[in-house]
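Chain residues, written in single-letter form:
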Amino acid sequence: MRIMRRPLTKHAESVAVGLATFALYVATRYPGLGGRVNYGDSAKFAFLGAIGGIGHPPGNPLYTLLTVLAVRVPGLAPATAVTLLSALFGAATIALVYGTARRTFSAVSALAAAGAVALGPIFWTFSTEPEVYTLNTFFIALSVAGATAEPLGDLSKKREGAVLRWGALALASALAGLGNHLTIICLFPPLLVQLGVRLPTAFGRRARLSIFFPVAVVLAGLIVGGGSYGYLLLRRNAAEYSEFSAVLGSETFVDFVTAKAKHTEMRLPAAAVLFGEILPRIAEFLQRQWAFPMLLCVGAGWQPLVAAWGRRAVLFLLASALLFAAFPCYFRIPDGDGHLLPIYVFAAPFLAAWIDARGTSLAKFAKVAVLAALIGPPASLHVATWTRLFSRTSVDDIGHGPVAWELPEVVRTIPVGATLWIPCSHYGCVEVVNYVRWTDPAVRERRISFALPEEPRGYAWSDPPPPVALATDARPAAPICSLHEQDFRDWGRRRWQTRRWDRPAHQVAGKSYEGVPIFCTFGPE
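Small disclaimer: the values here were computed from a predicted structure and weren't measured.

A. Geometry of the overall build of the protein. Of the regular secondary structure elements, the protein holds 24 helices and 9 strands. Among the 525 residues that make up the protein, the fraction classed as buried is 55%.

Quick look at the structure:
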């Protein structure tokens, strides 16, 4: 087994890699509200912190608390601040991946492995839009760093105490991660086994004298992870937006935080389902992040990594990856991209070991070239797709093709005190409206309210419905406005007083989109 060159905490190189990755993610962040993977969820996460709300199960309280802090950064719109939060933890994950590999392998090998994770389209995408998954990979990467930090080279004379401290850091990180995403529970069985076989050797005389610090670290992780769930209890019925409230149902706290309503088919899949549906979906996900030949490179790194880190550490990585792959299969999660993201954190050391295996410098650079050739096409495709993105806050479909809403313009155009009928009913669109509803100061200043149309078009179970506009010929207490021409015609048949604002076409991402008129009624003439 090789001696690691230096502790992870002294890796200035890791900081440099993290900063460079953060700059890349900031430059290529999603240019608006929402995201490409879970559009509605990303739009929702962008406004929850602004109002101290509670999102869909399992609630992700630690992530929500971090968004509460992020949206209060001066000079940043809430959507931008929460997007940058994903970029921050994505970059921190890459810094840890690099630093963990760098303790044993060369800078070129560690950088190639970290780059393969950072530039993979799936990881890159989740790092550039509001989502909980990069925070999850950050905690996992920190746990991996602590669980594989033996031996510590220049700390060899204090080996017992060092192993104990690094083990405490690994466990504390996993415990803290429970407050963000409960899939991290997949890490605990292999992590506890890994720590269990290491820690008995750590309780020497020196370690017994310094037990206080490791215990304090573990307790801190437990408090962060477990204590964050108190936010859900405190804000359950106090927040303006809460999907864990009596309004939406009587589900218990445990049912909510375990997202019981979303995995009613919790059972081992039949062989036909496993091989016909689940495994092909996982394979398709792997292909979108990395070309399949790269998985062969991961396999080629098995023996070199065993020689460098030892068999126990390698089995820890392999068991963790298999458990994270099994989780969405067992719970039949249809959109499991984010749940599978940690697999690449576990795979990165295998890539670094494969590149750094014994051989000439020319052979190592040839392997790096192979890795670059494999990651190049999907990374290039990701960049090409990003250049065609535009803000879906501005462009959506309300029944007659792509149109420009410009909701901030709408709420500044309609009369003061008006009620705006929500122009759509699908999940992502509703969350865009909710973002404007709770983050645009003009909504409060001009006393704009929102309501469903007289004939609601159907809300998903997780959407807290605003008040429904009743079908009546009575004069409304305030002007009612809509973006649908059908409403305008209905008001005309009732002989209600109406007004129309025509708006010019919008140029978005080089395309011209129809300017959607605004229609308002003031009741019977």
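Past the structure itself, the notes keep going.
B. Local environment of the state of the cysteines. Evaluated as defined, the whole model comprises 1 disulfide. A sulfur-sulfur distance of 1.9 Å marks the disulfide that ties Cys 481 to Cys 520. Handedness of the Cys 481-Cys 520 disulfide follows from its S-S torsion of about 105°: it is right-handed. With Cys 481 in strand S5 (residues 480–482) and Cys 520 in strand S9 (residues 518–524), this residue pair connects regions lying 39 residues apart in the sequence. A relative accessible area of 0% places Cys 481 in the buried class.

C. Structural detail: the pattern of salt bridges. All told, the structure shown has 9 salt bridges when counted by the stated rule. Its salt-bridge partner being Arg 444, residue Glu 240 comes within 3.2 Å of it at the nearest N-O pair. On the criterion of sequence distance, the pair formed by Glu 240 in the loop between helix H12 (230–235) and helix H13 (253–257) and Arg 444 in helix H23 (residues 441–445) is long-range, its members being 204 residues apart. In this structure Arg 444 comes out as exposed when scored by relative accessible area, which is 53%. Taking the shortest distance from any N to any O, the salt bridge between Asp 440 and Arg 412 comes out at 2.8 Å. You can see Asp 440 sitting in the loop between helix H22 (427–439) and H23 and its partner Arg 412 sitting in helix H21 (residues 407–413), a full 28 residues away along the chain.

D. Molecular detail of the environment of Pro 328. In this fold, Pro 328 is placed in helix H17 (residues 311–330). According to the relative accessible area criterion, Pro 328 is buried, its value standing at 5%. It is 6.9 Å that separates the C-alpha atoms of Pro 328 and His 339, two residues lying 11 residues apart in sequence. Those residues in contact with Pro 328 that sit more than four places away from it in its chain are Ile 333 and Leu 340.

E. Structural view of unusual backbone geometry. With an omega of 10°, the peptide bond between Pro 57 and Pro 58 qualifies as cis. Note on placement: Pro 58 falls in the loop between helix H2 (39–51) and helix H3 (61–70). One non-glycine residue, Asn 60, lies in positive phi territory at about 45°. Tracing the chain through its elements places Asn 60 in the loop between H2 and H3. One non-glycine residue, Arg 495, lies in the positive phi region at around 60°. Within the element layout of this structure, Arg 495 appears in the loop between helix H24 (485–493) and strand S6 (496–501).

F. Quick look at the nonpolar core. Core analysis: the largest hydrophobic core is formed by 124 residues, its most contacted members being Leu 187, Leu 191, Trp 290, Leu 351 and Ile 414. Considering every element that reaches this core, the biggest residue donor is helix H19 (residues 342–356), with 12 residues. Beyond its immediate sequence surroundings of up to four residues, Leu 187 is in contact with Ile 140, Ser 143, Ala 174, Phe 316, Ser 320, Phe 324 and Phe 346. Residues Tyr 229, Tyr 231, Phe 244 and Phe 256 belong to the second largest nonpolar core, which totals 7 residues.

G. Spatial organisation of the packing of aromatic side chains. Here the structure, examined in full by the defined rule, presents 15 aromatic pairs. On the basis of an interplanar angle of 80° and a centroid distance of 5.2 Å, the ring pair of Phe 47 and Tyr 241 is categorised as edge-to-face. Linking Phe 47 in helix H2 with Tyr 241 in the loop between H12 and H13, this pair joins segments that are 194 residues apart in sequence. Relative accessible area serves as the criterion here: at 1%, Tyr 241 is assigned to the buried category. Lying across the ring of Trp 496, Arg 494 places its NZ or CZ 5.0 Å from the centre.

H. Main features of the environment of Gly 18. Mapped onto the secondary structure, Gly 18 falls in helix H1 (residues 12–27). Expressed as a C-alpha distance, the spacing of Gly 18 and Gly 99, which sit 81 residues apart in the sequence, is 9.8 Å.

I. The arrangement of the sheet that holds S6 in detail. Within the open sheet, the 5 strands sit side by side as S4-S3-S5-S9-S6. Their pairing is mixed. Where the open sheet ends on each side, the last strands, each with one partner, are strand S4 (449–451) and S6. For this sheet the average axis-to-axis angle between neighbouring strands, irrespective of direction, equals 30°.

J. Structural view of the packing of helix H7 (residues 133–147) against H19. At a closest axis distance of 9 Å, the pairing of H7 and H19 adopts a crossing angle of 30°. By the criterion of interaxial angle, the relationship of H7 to H19 is roughly parallel. Regarding H7 and H19, the two cross each other, and that crossing is right-handed. Within the contact between the two elements, H7 uses Asn 136, Thr 137, Ile 140, Ala 141 and Val 144 and H19 uses Pro 342, Val 345 and Phe 346.

What counts, and at which threshold
Residues numbered from 1 in each chain as written. Predicted model: local features only at pLDDT ≥ 70, side-chain atom pairs only at ≥ 80, totals over all residues. Heavy atoms only, no water. Helix = DSSP H or I, 4+ residues; strand = E, 2+ residues; numbered from the N terminus. Buried < 20%, exposed > 50% of the residue type's maximum accessible area, 1.4 Å probe, protein only. Disulfide = S-S within 2.5 Å. Salt bridge = Lys/Arg side-chain N within 4 Å of Asp/Glu carboxyl O. Contact = heavy atoms within 4.5 Å. Core = buried A, V, L, I, M, F, W, Y, C linked by side-chain atoms within 4.5 Å. Phe/Tyr/Trp six-rings, centres within 6.5 Å; stacked < 30°, edge-to-face > 60°. Lys NZ or Arg CZ within 6 Å of the ring centre and 35° of its normal. Pairing = 2+ DSSP bridges. Axes fitted to C-alpha atoms, helices over the stretch in contact; angles between N-to-C directions. Parallel < 35°, antiparallel > 145°, perpendicular 65-115°, else oblique. Left-handed = near helix turned anticlockwise from the far one by under 90°.

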